[in-house]
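An overview of the molecular structure
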Amino acid sequence: MRLPLILLLATTAAAQAPLKLNQIQVIGTHNSYHAGIAPNESKIWQAKYADAYKGLDYQHKPLPDQFDAGVRQIELDVYADTKGGLYAHPSGPTMTAAAHLPADPEFDPNGIMAKPGFKVMHVQDVDYRSTCQPFTACLEQVRQWSHAHPRHVPIFILVETKQGKPRGELKLTEPETFTSATFDALDAEIRSVFPASELITPDDVRGKHKTLNEAVLAGGWPALASARGKVVFLMDQHPVTPVYLEGHPSLRGRVIFTNSDPGQPDAAFLERNEGPASEIEALVKQGYLIRARTDADTKQARTNDTALRDAMMSSGAQLLSTDYPANEPARWPGNFSVALPNHAVARCNPINAPKDCESSLEADPKN
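Cut-offs and rules
- All residue numbers refer to position in the chain's written sequence, counted from 1.
- At least 70 in pLDDT is required for a residue's local features to be given in this predicted model, at least 80 for side-chain atom pairs to be given and counted, and no such filter applies to totals for whole chains, interfaces and linings, which use all residues.
- The side-chain values count all of the structure's non-hydrogen atoms but skip hydrogen atoms and water molecules.
- To sort residues, take the accessible area from a 1.4 Å probe on protein chains only and compare it with the maximum for the residue type: under 20% means buried, over 50% means exposed, and anything in between is partly exposed.
- Working definition: helices are DSSP H or I runs of at least four residues, strands are E runs of at least two. Numbering for both runs from the N terminus.
- In this analysis, strands are considered paired if DSSP registers two or more bridges between them.
- Cysteine sulfur atoms are paired as a disulfide whenever they fall within 2.5 Å.
- Salt bridges are defined by distance alone: a side-chain nitrogen of Lys or Arg within 4 Å of a carboxyl oxygen of Asp or Glu.
- Only heavy atoms matter for contacts: two residues are in contact if any of them lie within 4.5 Å across the pair.
- Any N or O atom pair separated by 3.5 Å or less is treated as a polar contact, with the protein-specific requirement of one donor-capable and one acceptor-capable atom, and with residues adjacent in sequence counted only for side-chain atom pairs.
- Only the stretch in contact is used when a helix axis is fitted, and all axes are lines through C-alpha atoms; the angle between N-to-C directions ranges over 0 to 180 degrees.
- We call two directions roughly parallel when the angle between them is under 35 degrees, roughly antiparallel when it is over 145, roughly perpendicular when it lies between 65 and 115, and oblique otherwise.
- The hand of a helix crossing depends on one turn: near helix anticlockwise from the far one by less than a right angle means left-handed, and clockwise means right-handed.
- Throughout this entry, Asp, Glu, Lys and Arg are counted as charged residues, while Ala, Val, Leu, Ile, Met, Phe, Trp, Tyr, Cys and Pro are counted as nonpolar. The remaining residues, Gly among them, count as polar.

Another point: the pairing of strand 2 (residues 73-79). Taken residue by residue, a regular strand's side chains alternate between the two faces of the sheet. Counting buried residues along strand 2, 7 of its 7 residues qualify, which places the element largely inside the surrounding structure. Alternating residues of strand 2 divide into Gln73, Glu75, Asp77 and Tyr79 and Ile74, Leu76 and Val78, and every residue in both groups is buried. In this structure, strand 2 lies alongside strand 4 (residues 155-161), joined through 6 bridges in parallel fashion. The residue of strand 4 that forms the bridge with Gln73 is Phe156. With 2 bridges connecting them, strand 2 and strand 3 (residues 119-120) associate as antiparallel partners. Looking across to strand 3, one finds that Val78 is bridged to Val120.

If you want it as structure tokens, here you go:
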């Protein structure tokens, strides 16, 4: 009688295992702050660089509106501006005046760009208007919405660090290089807005394991129930990973999960923006958190091509990033958009969710 009893207890425990953070799927937005290029500047760029402009021809609603509509992953592109003023005078207004076009609305009426601190924009001088500025103000919007919806599915914040010498014929402002000290300052800005109790950090996931990767492969992501109301920061680019890791092996003491390689000590989050779906599925089964894109550069939206979208949704990638969430469909024929079934905020991951996931997901409010 003892063996069947042990098996019964084991089965019951397995059935009651909590739904983990990496066992759901949510919709995210790409360049979530993107306000679009001002009308008269748009005329200039379209005339000079028609093909390149197509990839910039989209915009998003303010972050709180996106959260209200169910988005749970956003992306913020950040530029270091240690002394302030580096991006205070973009070339767009000067070009507009030179072309004898009416001036567009002032992009920085409060002089925020003259102050030190990380700035949020897509392309300096060209595509620089944001629905929130600076970086800390964007984070404050996230926190205010979070406090108003304390049981929300965790919000994932993808951070892309913009740097590198500009190439091509345009003479753009050269961004600051991100060093280990720059990343220290970035972490400090995040912690100035979010206290530790509202963050899920690499240290939280690692626990007592030797490395973050070891913890993730052992199922170390927190339960969704305990993660509700919190935020998770993720690094977009892969090349900056070694710099962010300097002095922080396995991301000890850091805020942001790096975009790493499977098996590396810091590996927990990976980007597989265009798949392939088979690789994503295998990585999801191992325990990794994956971000994939369902569309890019307005290409799929212009032709209502849903092949990539559908493949990424089926792959199990937990974070599905789009320029066209359900409340912001594309304006071209077909009105391309991306949404989970029944416009849910989150759904059971099609690859790694437990069989009783539906009841686990519904145990708490879905906001």
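What follows deals with the state of the cysteines. All told, the structure shown has 2 disulfides when counted by the stated rule. In this model Cys132 forms its disulfide with Cys138; the gap between the sulfur atoms is 2.1 Å. In this structure, the disulfide formed by Cys132 and Cys138 twists by about 100 degrees around the S-S bond and is classed as right-handed. In terms of burial, Cys132 and Cys138 fall into one category: buried. With its sulfur 2.2 Å from that of its partner, Cys348 forms a disulfide with Cys357. Where Cys348 bonds to Cys357 through sulfur, the torsion about that S-S bond is close to -100 degrees, and the disulfide is left-handed. With a relative accessible area of 15%, Cys348 lands in the buried category. With a relative accessible area of 1%, Cys357 lands in the buried category. The connectivity of the disulfide-linked cysteines in the chain, indexed sequentially, is 1-2, 3-4.

A few words on the pattern of salt bridges. For side chains of opposite charge, pairing can occur when their charged atoms come near one another. Applying the stated criterion to the full structure yields 16 salt bridges. For Arg129, the salt bridge goes to Glu41, with nearest N and O atoms at 3.8 Å. Highlighted residues: Arg129 in the loop between strand 3 and helix 6 (135-148) and Glu41 in helix 2 (residues 39-48), separated in sequence by 88 residues. Overall, Glu41 belongs to the buried group, its relative accessible area being 2%. For the salt bridge of Glu281 with Lys285, the shortest nitrogen-to-oxygen distance reads 3.3 Å. On the criterion of helical spacing, the pair formed by Glu281 and Lys285 is a turn pair, its members being 4 residues apart in helix 12 (residues 277-286). When its relative accessible area of 57% is taken as the criterion, Lys285 is described as exposed. Connected through salt bridges with shared partners, the residues Glu75, Asp236, Glu271 and Arg291 form a single ionic network.

What follows concerns the environment of Asn273. Topologically, Asn273 is positioned in the loop between strand 7 (269-271) and helix 12. For the pair Asn273 and Ala296, spaced 23 residues apart in sequence, the C-alpha to C-alpha distance is 9.5 Å. Non-local contacts of Asn273, meaning those with residues more than four positions away in its chain, are made with Arg291, Ala292, Arg293 and Met312. In terms of polar contacts, Asn273 uses its side chain to reach the side chain of Arg291, at 2.9 Å.

What follows is about the packing of helix 12 against helix 14 (residues 307-315). Across the interface, helix 12 lies against helix 14 with an axial gap of 8 Å and an inter-helix angle of 20 degrees. When the interaxial angle is binned, helix 12 and helix 14 end up roughly parallel. In this structure, helix 12 meets helix 14 at a crossing whose hand is right-handed. Note on element contacts: helix 14 touches helix 12 through Ala311, Met312 and Ser315, opposite Ala277, Ile280, Glu281 and Val284. For the contact of helix 12 with helix 14, a count of residues per class yields 5 nonpolar, 1 polar and 1 charged.

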